[in-house]
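# Breakdown of the fold
Spelled out from the first residue to the last, the chains are:
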Amino acid sequence: MTESYAMARARYEAFGVDVEKALKTLSQKPISIHCWQGDDVLGFENRGEALSGGIQTTGNYPGRARSPEELMADFQKAISLIPGKKRINLHASYAIFENGSAADRDALGPEHFAKWVAFAKQNGLGIDFNPTFFSHPMVKDGLTLSSPDDEVRAFWIRHGIACRRISSAIAKELGSEVLCNIWIPDGYKDVPADRLGPRLRLKDSLDQILKEDLPGVIDCVESKVFGIGVEAYTVGSNEFYLSYAASHPGLYYLLDNGHFHPTEQVSDKIPSLLAFFDRIPLHVTRPMRWDSDHVVRFEDEIKEIAVELVRTGALEKAQIGLDYFDASINRVAAWVIGTRNLQKALLFALLQPHEKLKQLQDTSQFTELLVLQEELKTLPFSEIWAQYCEQEGVPADESWFEAVRQYEAEVLKKRGN
Ligand code: RNT
Ligand code: ZN
């Protein structure tokens, strides 16, 4: 134990914080790292489809992963610099087809993810899963599960069912539950003539997808305000999915903090959901003016999200995932920066004397509460983080970037893309 850590710990302990317990809790909490940061959300189907669905990556930093091997290597480099437990969040579009076993989205099976399961086992990772309802020719006029075209709708229902079965098979293989998250891009660019019809069709599609009882799968649905090109109307809105999840036991509502109006706080939504749900799935991201999916920073709203999870006792109930994609900077570094920042936010939250703060609130000592809340912001947090990283065998400071710089020179630059 370094002297500076001992001193920092004593400062926190003076407020009644159990620092060792915080470090232990943090090391046990898995973060689901999204595979799609590594290749600009393109996947491996090689159908030549551009990214669609109203989401966008911008930038052309060299070295994008173009194959499963490259993506796995890059991911491994990233996780070697990230402390704590990790999971990998996959999309159906990252299916791996061997020896001409190519299958369309509605015919995907667990065999197409066997390599990912092996990769997860080798690296001690859990897996989470997402059906991919975008970047595909069967997305017609921007619609999938809400389409008025029965053929289109049936195709995507089959895809949803296939993905839930894959999730269940992976859960069985790994002995670890798989979060299966449904997000669809459906919506209209301009003012629609019918707002109810598409939602009723989506409701019916979800009923069909979710009918089967599948062990090991934690199902959730992700709402959104708008996407690029679908500014006027989003079928899977907040009210729609929250109502749907609340009326279907065992189904959860995923909060993506880029999917709300700019002045809404996702941190404040967590305790509201906790009054009704026993799990809180999250996509942590950084929206800038819109759902821009910038790399997560260590900033106030992220800290507040972490605080809400910790002080409500919901950390165990939270399925914490990341969802951002920046193609303008080193992609391996983007993974490392965002994941470490989320973990810093969790550590920051774990180091707050929540009981004491609650007591001040409940006894109406609001001045004292403000004094203490502000004081806590400048305690020697970095020393505790440094100790945590040392225990976990990863660099505590920016020196981790040296390893990425070297990897860029030796591997990424040589890809020539
Ligand atoms: C899009 C949603 C969705 C996607 C990923 C790739 O706005 O946030 O979660 O970003 O599934
Ligand atoms: Zn998301």
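Residues numbered from 1 in each chain as written. Chains lettered and ligands numbered in written order. Predicted model: local features only at pLDDT ≥ 70, side-chain atom pairs only at ≥ 80, totals over all residues. Heavy atoms only, no water.

### What to know about the overall build of the protein
Helices and strands together make up the secondary structure of the protein, namely 14 helices and 12 strands. Expected size for 417 residues packed as a compact globule is a radius of gyration near 22 Å; at 22 Å, the protein falls within 12% of this value. By principal-axis analysis of the C-alpha atoms, the protein measures approximately 65 × 55 × 40 Å. When burial is assessed residue by residue, the protein has 55% of its 417 residues classed as buried. Taking contacts inside the protein between residues at least 6 apart in sequence as the whole, the part at least 24 apart equals 80%. Counting only carbon and sulfur atoms, one obtains 50% of the accessible surface of the protein, whose full area is about 18,100 Å². Between the averaged position of the 46 positive side-chain charges in the protein and that of its 60 negative side-chain charges there is a distance of 2 Å. (Helix = DSSP H or I, 4+ residues; strand = E, 2+ residues; numbered from the N terminus. Rg over C-alpha atoms; globule rule 2.2 N^0.38 Å. Buried < 20%, exposed > 50% of the residue type's maximum accessible area, 1.4 Å probe, protein only. Contact = heavy atoms within 4.5 Å. Areas by Shrake-Rupley, 256 points an atom, 1.4 Å probe, with all protein chains shown as cover. Lys, Arg positive; Asp, Glu negative; His and termini not counted. Charge placed at Lys NZ, Arg CZ, Asp CG, Glu CD.)

### So, the coordination of the zinc ion (ligand 2)
For the zinc ion (ligand 2), the protein coordination sphere consists of Glu222 (OE), Asp256 (OD), His283 (ND1) and Asp323 (OD), at 2.1 to 2.2 Å. Note that the zinc ion (ligand 2) binds six donor atoms; their angles at the metal cover 71 to 168 degrees, and the shape is octahedral. Counting residues between consecutive donors of the zinc ion (ligand 2) along the chain gives the motif E-x33-D-x26-H-x39-D. Here the residue Asp256 occupies a position in strand 8 (residues 251-256), and Asp323 occupies one in the loop between strand 12 (318-322) and helix 10 (331-350), the gap between them amounting to 67 residues. (Donors = N, O, S within 2.8 Å, 3.2 Å for Na, K, Ca; no water. Tetrahedral: all angles 85-135°; square planar, octahedral: opposite > 155°, others 65-115°.)

### Considerations on the packing of aromatic side chains
Within the structure shown, the criterion is met by 17 aromatic pairs. Consider the rings of Phe113 and Phe129, whose centres lie 5.0 Å apart with planes at 85 degrees: the pair is edge-to-face. Of this pair, Phe113 sits in the loop between strand 2 (86-91) and helix 4 (114-123) while Phe129 sits in strand 3 (residues 126-130), and the two are 16 residues apart along the sequence. Overall, the relative accessible area of 0% leaves Phe113 in the buried class. Note on Phe129: relative accessible area 0%, which makes it buried. With a centroid separation of 5.9 Å and an interplanar angle of 45 degrees, the aromatic rings of Trp385 and Tyr388 are classed as tilted. Of this pair, Trp385 and Tyr388 both sit in helix 13 (residues 381-392), three residues apart, roughly one helical turn. Judged by relative accessible area, which is 0%, Tyr388 ranks as buried. (Phe/Tyr/Trp six-rings, centres within 6.5 Å; stacked < 30°, edge-to-face > 60°.)

### Considerations on the site of ligand 1
Lining the immediate surroundings of ligand 1 are Trp36, Ile55, His91, Trp183, Glu222, Lys224, Asp256, His259, His283, Asp291, Asp323 and Phe325. One of the side-chain nitrogen or oxygen atoms of His259 is found 2.9 Å away from an oxygen atom of ligand 1. Compared with its free state, where it exposes 310 Å², ligand 1 has 100% of that area covered by protein. Residues of the shell around ligand 1, tallied by class, amount to four nonpolar, three polar and five charged. (Near = heavy atom within 4 Å. Polar contact = N/O pair within 3.5 Å; in protein donor to acceptor, adjacent residues only side chain to side chain. Nonpolar A, V, L, I, M, F, W, Y, C, P; charged D, E, K, R; others polar.)

### Topic: the packing of helix 10 against helix 14 (residues 400-412)
Following both chains from N to C, one finds helix 10 and helix 14 inclined at 160 degrees, their axes separated by 10 Å at the closest point. Comparing their axes, helix 14 and helix 10 come out roughly antiparallel. By crossing handedness, the relation of helix 10 to helix 14 is classed as right-handed. Every residue of helix 14 that contacts helix 10 at Val332, Ala333, Val336, Ile337 and Arg340 is listed here: Trp400, Phe401, Val404, Tyr407 and Leu412. Looking at side-chain class alone, the contact of helix 10 with helix 14 contains nine nonpolar, no polar and one charged residues. (Axes fitted to C-alpha atoms, helices over the stretch in contact; angles between N-to-C directions. Parallel < 35°, antiparallel > 145°, perpendicular 65-115°, else oblique. Left-handed = near helix turned anticlockwise from the far one by under 90°.)

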